[in-house]
Amino acid sequence: MPKDESILRVLTAVPICDGHDSAINTINLEFIRNGIEVIYLGYHRSVRDIVRAAVQEDVRAVGISSYNGGHNEFFSQVARELHKEVGGEITVFGGGGGTITHDDERIMRRAGVDKIFFAGTPLEAIVRYVKQLRAPARGSRKRTAADSRGGKRSDRALSMALRNAKSVKVATRASAPTIGITGPGGAGKTTLIDELVLRFLQRHPTSRIAILSHDPSIASHGALLGDRATMIHSQDDRVFMRSLATRGRAGGLSPQTEPMLAAMKQMGFDLIILETVGTGQEAMPFAGGLVDTSLFVMSPEYGSKLQLQKIAMLDIADLVVVNKGDLAGAPRAAAEVTERLTMNHKNQKVYTTQAKQHRNVGVDRLYDTVLGSIRQGEPPRLQVTRKTRTSAK
Amino acid sequence: MGFLADIAQAVEKYNHGVEQQVKQVRGDAELGKQILAKWRQARAAVKTTRTPTGLELPRVALPNIDEPGEIARYLGEEGLPGEFPYLSSAYREMYLERDHHEGNGNSKAEEPMRLFAGLGLAEDTNKRFHYLTKHQKSVRLSTAFDGPTLYGLDSDDDGLLGKVGEGGVAIDTVDDMKRLYDGFDITADTSSVSMTINGPAPTILAMYVAAAKHRFGDGCVPKLRGTIQADVLKEVQAQNECLFGVEPSLRFLGDMVEYVTEKMPRFYPVSISGYHIAEAGSTPVQQAAYTLSNGFVYVDLWKHRGMNVDKFGPRLSFFFDSGLDIEYMALARVSRKIWAIGMRDCFAAGPKAQLFKLHTQTSGRSLIAAEFKNNLTRTAVELMLAYLNATNSCHSNSADEPFTTPGEEYVTLAAHAQNIILEESGLFKHMMNPLAGSPGMKAVERAVEAAILAEFREIDRLGGVLSAVEQRYQRAQIQQAAHRLETQIYDGTRPIIGLNRYASTNGHAEMDLVRTARQKQLFQVKRLKAWKKKHGKLAGRKLDELSGVVDKGGNVFAKLIDCVEHCSLGQITHRLREVVGPFRPVV
Ligand code: B12
Ligand SMILES: Nc1nc2c(ncn2[C@@H]2O[C@H](COP(=O)(O)OP(=O)(O)OP(=O)(O)O)[C@@H](O)[C@H]2O)c(=O)[nH]1
Ligand SMILES: [Mg+2]
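Residues numbered from 1 in each chain as written. Chains lettered and ligands numbered in written order. Predicted model: local features only at pLDDT ≥ 70, side-chain atom pairs only at ≥ 80, totals over all residues. Heavy atoms only, no water.

### Thoughts on the site of ligand 2
The cut-off we apply is this: Only a single heavy atom is needed: when it lies within 4 Å of a molecule or strand, its residue is near that molecule or strand. Each polar contact in these results corresponds to two N or O atoms within 3.5 Å; when the atoms are within protein, one needs to be able to donate a hydrogen and the other to accept it, and residues that are neighboring in sequence are counted only if both atoms are side-chain atoms. Exposure was quantified through the Shrake-Rupley algorithm and a 1.4 Å probe, taking into account, for residues, occlusion by the shown protein chains and nothing else. In this description a helix means any DSSP run of H or I spanning at least four residues, a strand means any run of E spanning at least two, and both kinds are numbered starting from the N terminus.
Close contacts around ligand 2 come from 17 residues, with Lys189, Thr190, Thr191 and Asp326 of chain A together with Glu470 of chain B the closest. Residues near ligand 2 are shared among chains A and B, making this a multi-chain site. Within the backbone of alanine 187 of chain A, one N or O atom sits 3.1 Å away from an oxygen atom of ligand 2. Within the backbone of lysine 356 of chain A, a nitrogen or oxygen atom sits 3.4 Å from an oxygen atom of ligand 2. Protein chains shield 84% of the accessible area of ligand 2, which is 660 Å² for the free molecule. The dominant element in the shell around ligand 2, judged by the number of residues it contributes, is helix α7 (residues 189–203) of chain A, at three residues.

### Things to note about the sheet that holds strand β10 (residues 358–362) of chain B
All names here are of chain B. Where we set the bar: Should DSSP find at least two bridges between two strands, the strands are regarded as paired. Helix axes are fitted only over the stretch in contact, all axes being lines through C-alpha atoms; the angle between N-to-C directions runs from 0 to 180 degrees. What makes two residues a contact is simply this: any of their non-hydrogen atoms within 4.5 Å.
Pairing in this open sheet of four strands is parallel, and the strands run β8-β9-β10-β11 from one edge to the other. Looking at which strands have only one partner, the edges of the open sheet turn out to be β8 (270–273) and β11 (393–395). Taking the axes of each pair of neighbouring strands and ignoring which way they run, one obtains an average angle of 25 degrees across the sheet. Note: β10 against β11, three bridges, orientation parallel. Along β11, the bridge assignment pairs glutamine 361 with histidine 395. Across the sheet, helix α15 (residues 374–388) touches β9 (316–322), β10 and β11, and the angle it forms with β10 is around 165 degrees.

### Details of the sheet that holds strand β11 (residues 239–245) of chain A
Residues and elements named next belong to chain A. The strand order across the open sheet formed by seven strands is β11-β9-β12-β8-β13-β14-β15, and the pairing between neighbours is parallel. The open sheet terminates on both sides in strands that have one partner only, identified here as β11 and β15 (349–352). Going from strand to strand, the sheet's axes swing by 20 degrees on average, the running direction of each strand aside. Where strand β9 (residues 209–215) meets β11, seven bridges bridge the pair, whose relative direction is parallel. From the neighbouring strand, isoleucine 209 faces β11, where its bridge partner is valine 239.

### Quick word on the state of the cysteines
Applied cut-off: For the purposes of this analysis, a disulfide is any pair of cysteine sulfur atoms at a distance within 2.5 Å.
Inspection of the entire model under this criterion finds zero disulfides over all chains. The thiol of cysteine 17 of chain A is unpaired, and the distance to the nearest cysteine sulfur, on cysteine 242 of chain B, comes to 15 Å.

### Considering the side chain of glutamine 286 of chain B
Mapping glutamine 286 of chain B onto the fold places it in helix α11 (residues 284–304). Not counting the four nearest positions on each side in its chain, glutamine 286 of chain B is found in contact with Thr291, Glu455, Gln477, Ile478 and Ala481 of chain B.

### Some points on the pattern of salt bridges
Residue and element names in this part refer to chain A. Test applied: Within this document, salt bridges are pairs made up of a side-chain nitrogen of Lys or Arg and a carboxyl oxygen of Asp or Glu, the two lying within 4 Å of each other. Partly exposed describes any residue whose relative accessible area lies between the buried limit of under 20% and the exposed limit of over 50%, with all areas from a 1.4 Å probe on protein chains only and scaled to the type maximum.
Per the counting criterion, the structure on display carries 66 salt bridges over all chains. In this structure, arginine 52 and aspartate 49 form a salt bridge, with 3.1 Å as the shortest nitrogen-oxygen distance. One end of the pair, arginine 52, and the other, aspartate 49, are both in helix α2 (residues 47–57), three residues apart, so they sit about a helical turn from each other. Residue arginine 52 shares its accessibility class with aspartate 49, and that shared class is buried. Through salt bridges with shared partners, a single network forms among Arg45, Arg48, Asp49, Arg52, Glu85 and Asp237.

### A closer look at the domain arrangement of chain A
Residue and element names in this part refer to chain A. Rules: Start and end points for every domain follow an automatic or database-based domain assignment. Summed over both partners, the accessible surface that disappears when two parts come together, traced with a 1.4 Å probe, is what is meant by buried area.
The domain boundaries assigned to chain A delineate domain 1 (4–131) and domain 2 (165–392). Contacts between the two partners involve 22 residues from domain 1 and, on the opposite side, 21 residues from domain 2. With both chains or domains summed, domain 1 and domain 2 bury close to 1900 Å², and 45% of this area falls on carbon and sulfur atoms. Contact with domain 2 buries area across many residues of domain 1, yet Ile32, Glu37 and Gln56 alone supply 30% of it, more than any other trio. Applying the counting rule to domain 1 against domain 2 returns four salt bridges.

### A look at the confidence of the model for chain B
Residue and element names in this part refer to chain B. Definition in use: Known as pLDDT, the predictor's confidence for each residue is given on a scale from 0 to 100.
On average, residues of chain B score 95 in pLDDT, and 98% of them reach the 70 mark or higher. This stretch, residues 102–108, has a pLDDT under 50; its non-local contacts, to residues over four places away or in other chains, come to 13 contacts. Listed scores for the predicted complex are pTM 0.96 and ipTM 0.96.

Below, the structure is given as structure tokens:
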């Protein structure tokens, strides 16, 4: 594994009202094969979504692929907005086949766009360009006007603080309540978190939430971090999201998780949600009091009852969610899991949800259990935590 | 085992049955005689034609065989043009010139050419339509919408300036829709209007119906003829214009298909499309396999909804890409056969619902910026392949495709390419089956068929199309294929003339670009704001009624026709999203 400092992080996206993602998908794959970490925001994304994500993710550069026209306006706006936030530290580049002309490039460059790749550019040239952008120097930074907004620390300031979070420091103020969500690959963790975030934002109109999301690195050390594309409700000014790659660490987290989470806990968020990578049966990612509430999300397709015995998280999770409640096997799964937990005698709870359904009542119920049916305006509180559960016993 | 595996099995059983028949007619003299008699009759029924040089040719070319086994194999494997399993073609004479003896001179009933067009505001596109149909006998309009419209938004929504009227026409309201087809009698027998729109298809078609009623009176609805794409499954897999969750999207589509099937007998409510899958970078086999399997899912869903397959089946049509890979020699031919067998044997559909009716577009992705005039040749080859596959209608791309919505010069060349192939060249106008049955064609057919059936089984193993979609199967496969394609281009293993071979050192081409001026975009915004103000009072009430219909499970499409009188596209999308939730992309 290369040193953390030398790993390049790049954000890529396709503009609003544009679904031409074939070029960017190919380029993403090429980037990650070459050791670059890509945070992919997806297609049909607004200027604001791109700029917010770039600042929060502390990327070195933003790559945009645009085909449906209006690129002069769009690229220029991204470059200008980014400049306001980070003063030129994040490079903007991109392409759009033959739809972007050399004259267009001149217009965009004037607005601060660094480079356009025209039709027919070898993929290798694109990788070479990105690789020569060095990762930003640690600690060094310029102040910008956007650093603090209305008293709250700006995304930029938070990002800077995270950049310098190297070791776990002693807490100086009350820690933000933290939920850790883990479970097998594809169980619906990301979808469920986004649905919880939606409910949180609706019920707490001024609160801020942080998400620390993990995705696997591939063997050649790059990673495609695509959760933002799926988490539509979490692309909001009141949500601070950071995507991390596992960078060779086993068990569902990243080498940066602990220091980053410790720092995040001190940043004044009202709630933090952490998602691990999809994990195996023996994984127990939240050892050592990393989170206040642990939630294990699984799908009804775990195989035989015997398999349930082997899942370590079922012994210790505060809450267990059987997601994909729409699948035929869901009721049986919920019953089997309940039976399995009863044997633990630990007062753990089981919920059946259907995260992919809009306004799903299972998710509502889960939300109320975890975050309480607190009145609007009150600070959110975790209802079920390791502590409450053990004291209730 | 799901129905896709059943269909794969049915096709193999069919092939096996043909071989059995071959043996039977060879072993049984009586059966042999019967089939020989049938064959002689079929041959005798073929009329002859005379070429301009005086050569006499059969209008339908049939193999010169007289051995019962071979005859059985030909009839079973390919079938006569227009007969089961429709490998040769869906209809008997397709683009043949009318028989001179029938007294119609050289005219054909209807041109297969349809040119996709859309630019700027409704008035601009209307002008382009009039230009394109100047020389056509029939009015065949094919509409491209701009980004905001494709995503169900309004031109005055935040952050869209620059996108309005780019790559297609901006349509916000029923009034825009009236402007779009102004001056065309869209109720005439010879008119047909196609609309390339998917996520917001029900709202857009509702506007089309409402606009037609304004112009031609309520009675015109059954006369409207055309096609709307509306294929949401391939949006999730390839084109990325899904607006709501997959389930509600399928429900809205179902409502529309039900309405159209009952009330608009001349309209095709869904065009099941592989074009976008292929253009996203899939292999030709993936294109056919995913498209056919999507089609079968619709059939299954609508049967379960209680609709009659023989009623809605004939209203389905397909849309394929035609590219330069050799599979394109036979991709549509094989697809016609698989569709026919699947519909007959697994969905108990009658002959009309077995027909795979196809629109083809030449590949946009194969057209490149470097030495762009070579694109004319590429398109010509792809057109040839499309016609060898007996496509029912066709769009040819313009040589300036990589740069811009086509300018008039290149649109005209693209149209003329079709005219040259069909009218000037003798290849397709005198005789059906010019190359069918050749050893090469058959080799490609067999290989492609086996590969499609293997894909069916893989999707079935994943739990069927919808479950595979949830597991990101189709998207991942397409993305891998696209990555391989680009890698092959840039490592030179896939020759691209003018790019990685015979490249000249000429600089970049100076093109005339079709772009929508900022003034024009602002004009549309202003016009829409005024419209919204005028309808402001009723819009809210209509939207509430719409929510009610969605919640109660009524037919949303019927309600939309009423809503569009006072609500804009964006207002409707916004409300529907509140009720059923937005689409959550899986990238
Ligand atoms: C493929 C394609 C599609 C596919 C897209 C599939 C997908 N999921 O991506 C489909 C068929 C779905 C499609 C649909 C539409 N399309 Co289209 N499409 C194309 C096409 C043929 C190729 C684009 C492509 O992906 N090429 C392959 C890539 C790998 O190569 P490239 O473009 O040369 O890119 C290179 C460089 O530019 C660079 N690059 C590109 N992006 C980036 C980004 C970064 C960060 C970097 C570093 C480099 C880089 O890297 C590449 C490798 O060298 C172009 C025309 C053409 N031939 O270019 C039209 C084209 C872009 N489409 C067009 C239009 C109008 C549409 C539609 C709006 C049509 C409609 N009205 O319905 C829809 C909209 C779809 C949507 N959801 O937005 C127009 C745009 C016109 C304009 N801007 O004026 C074009 C130009 C065709 C035309 N002339 O009309 N399309
Ligand atoms: N049938 C069904 N599918 C769901 C449900 N919730 C999520 N999914 C689908 O499951 C797939 C995976 O969802 P994600 O939310 O990405 O799952 P994840 O657990 O975060 O996946 P990884 O992070 O890759 O381990 C997606 O296709 C979702 O649409 C549900 O309630 N029912
Ligand atoms: Mg996830």
